[in-house]
Amino acid sequence: MNNNNLPYLTISIVLIVASIAFFYFLVLPQFEKISALDKEISDLEFKLENTTNYFNDVSYNAEKLAELGWDNVSKKIDANFMDGPFFIHNMEAYFNKLVVRSGLYLNSLSIEGVEESFEVKEGVEDKGTISEINISFDLTGDYNYFLNLLDIFDRQALVIKINSIEIGSVNQGEGYSEQGDIMDSSYLNFKVEGTIPSKK
Amino acid sequence: MALDLYSKEETPTWKKILFIISIVLTFIVLIIFTYNQFSKIPQKSARISSVNIELAKQGTEEQQKEKDYVLEAERKLNDFKKIYDEKVDFDEFFNVFSSWVYPRVAFLSLSIDVSGSKLNIKAQTDTLQSVMQQLILLDAKKDILSYTISNIEVSEGGIVNFDLELNINPELFKKNEQQ
């Protein structure tokens, strides 16, 4: 080999080798890093889009709830999620009032299944499940007043679920009348059993 | 013969081309490296920072309050819906019930078992003919799935007492499903 040609060839080979090494050891890791950054950006943008959409939806729903007067509705619905040490007392007063409004006479009212002890935890919001409290009424009065009571029950925010009704004459053995009424007496005894919801 | 002391052997073309290629290759690699290092990677890093800043702006105290408000409303509504779906409606039942009674028959007692969709009735009428009419009436009612008559007793005065057990359509106790 001629000495004059040596630098050209040597420099060429050195440069090519150096370029390949440079590419392999420095540029390729850069591309890997860029690819990782692209993935991270894509994940973050997806997360941002989801989060933004989520909070937009939350904001939209909060506005809709406010428009619909949710705060007032919520207060009414709360009648179904009551508990506490005065639950029975409050319910007795409440049902007494409803029966009086119907025109019937309340012989007795029984509320069963309420926990006798009530624990209050400071700063802990209770999101307990819903339980059913058994209620039973013994009532006296007119058949139409009873239908009136059922109508009053139906219009309450508190959901009163009636499981059974027994209707009978107050004076058993009353003579047969041909008045065309469904029941043979206008003075009837009603036994109603049902449940109301309460927070457990 | 003259001696040419200044003559040089020409470098072959392929070596020149190889040299040029090696120079270009080196430049290309250097340009790519520089571009990545000082433009592309900082650009991507800046984008990550800006998205992170945007993300951090989400979930502000006000948004968290709205979220709690909506979630609480959702929970309450779901609980209420569950309770309300189980509610029994007697409107439809008492509307149709009055049409099940033959005019000369009076009920002494009536027991309604909602979960079993069953009615137990103690009834009284003046003649056996009226009992037959009552049964014909019950036969004609589509909401009465089956019935049993028992304890038919005719008293000395001619009054007929009898018991009825009716199995009725449970849909009668559901809201807005019977029109």
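**Quick word on the overall build of chain B**
Of regular secondary structure, chain B possesses four helices and four strands. Seen in sequence order, chain B has helices and strands lined up from the N terminus as α-α-α-β-β-α-β-β. Along the first, second and third principal axes, the C-alpha atoms of chain B reach 170 × 50 × 25 Å. Looking at chain B residue by residue over its 179 residues, the buried ones come to 18%. Looking at chain B alone, contacts between residues at least 24 apart form 54% of all its contacts between residues at least 6 apart.

**Focus: the overall build of chain A**
Counting its secondary structure elements, chain A contains four helices and four strands. N-terminal to C-terminal, the α/β element order of chain A is α-α-α-β-β-α-β-β. Here the analysis covers contacts within chain A between residues at least 6 apart in sequence; of these, 76% occur between residues at least 24 apart.

**Brief notes about the interface of chain B and chain A**
On the side of chain A, 62 residues touch chain B, which itself brings 61 residues to the contact. For the side of chain B that touches chain A, the elements supplying multiple residues, two or more each, are helix 1 (13-57), helix 2 (61-85) and strand 1 (106-113) of chain B. Per element, the largest residue contribution to the side of chain B that touches chain A is 23 residues, and it comes from helix 1 of chain B.

**Considerations on the pairing of strand 4 (residues 160-168) of chain B**
Residue and element names in this part refer to chain B. Alternating positions in strand 4 separate cleanly, Val160, Phe162, Leu164, Leu166 and Ile168 being buried on one face and Asn161, Asp163, Glu165 and Asn167 remaining unburied on the opposite face. In the sheet, strand 2 (residues 118-125) pairs with strand 4 via eight bridges, with the strands oriented antiparallel. Note that in strand 4 the partner of Ala123 across the bridge is Phe162. As judged from the eight bridges shared by strand 3 (residues 144-154) and strand 4, these two strands associate in the antiparallel manner. Opposite Val154, over in strand 4, you have Val160 as the bridge partner. Hairpin geometry of strand 3 and strand 4 is characterised by an intervening segment of five residues between the two adjacent antiparallel strands and by a positive phi of about 90° at Gly158.

**Here's the deal with unusual backbone geometry**
Residues and elements named next belong to chain B. One non-glycine residue with positive phi stands out, namely Ser117, at about 50°. Turning to its location among the elements, Ser117 is positioned in the loop between strand 1 and strand 2. Even without being a glycine, Asn151 presents a positive backbone phi close to 50°. Here Asn151 shows up in strand 3.

**Looking at the confidence of the model for chain B**
Residue and element names in this part refer to chain B. Considering every residue of chain B, the mean pLDDT works out to 88; 93% of them sit at 70 or more. Taken element by element, the predicted model of chain B shows its lowest mean pLDDT in helix 3 (residues 91-97) (87) and its highest in strand 4 (94). The complex prediction reports pTM at 0.72, with the ipTM value standing at 0.73.

**A short note on the pairing of strand 2 of chain B**
Residue and element names in this part refer to chain B. Of the strand pairs in this sheet, strand 1 and strand 2 are connected by seven bridges, and their pairing is antiparallel. In the strand pairing of strand 2, Ser109 is matched with Lys122. Hairpin connection from strand 1 to strand 2: four residues lie between these consecutive antiparallel strands, with Ser117 at a positive phi of about 50°.

**Describing the nonpolar core**
Judged by nonpolar contacts, the single largest core of 45 residues is most densely connected at Phe190 of chain A together with Ala123 of chain B. Residues within four places of Phe190 of chain A in sequence aside, it is in contact with Leu139, Phe146, Ile165 and Ile167 of chain A.

**Some remarks on helix 3 (residues 87-102) of chain A**
At 3.6 residues per turn, the α-helix brings residues three or four places apart onto the same side. Residue and element names in this part refer to chain A. In a regular helix each residue adds 1.5 Å, so 16 residues correspond to 22 Å; helix 3 covers 23 Å between its end C-alpha atoms and thus fits that length. Buried within helix 3 we find Phe95, Val99 and Ser102. Along the axis of helix 3, the buried positions cluster into a sector of 55°, meaning they face one direction only. Within helix 3, the exposed residues directed more than 90 degrees away from the buried face are His89, Ala93, Asn96, Lys97, Val100 and Arg101. Considering only its buried residues, helix 3 is in contact with strand 1 (105-112), strand 2 (130-141) and helix 4 (143-154). Backbone geometry just after helix 3 places Gly103 at a positive phi near 100°.

The rules we used
Residues numbered from 1 in each chain as written. Chains lettered and ligands numbered in written order. Predicted model: local features only at pLDDT ≥ 70, side-chain atom pairs only at ≥ 80, totals over all residues. Helix = DSSP H or I, 4+ residues; strand = E, 2+ residues; numbered from the N terminus. Buried ≥ 20, exposed ≤ 12 C-beta atoms within 10 Å, placed from the backbone. Contact = placed C-beta atoms within 7 Å. Pairing = 2+ DSSP bridges. pLDDT = per-residue confidence, 0-100. Core = buried A, V, L, I, M, F, W, Y, C linked by C-beta atoms within 7 Å. Expected span 1.5 Å × (residues − 1). Arc of directions from axis to C-beta.

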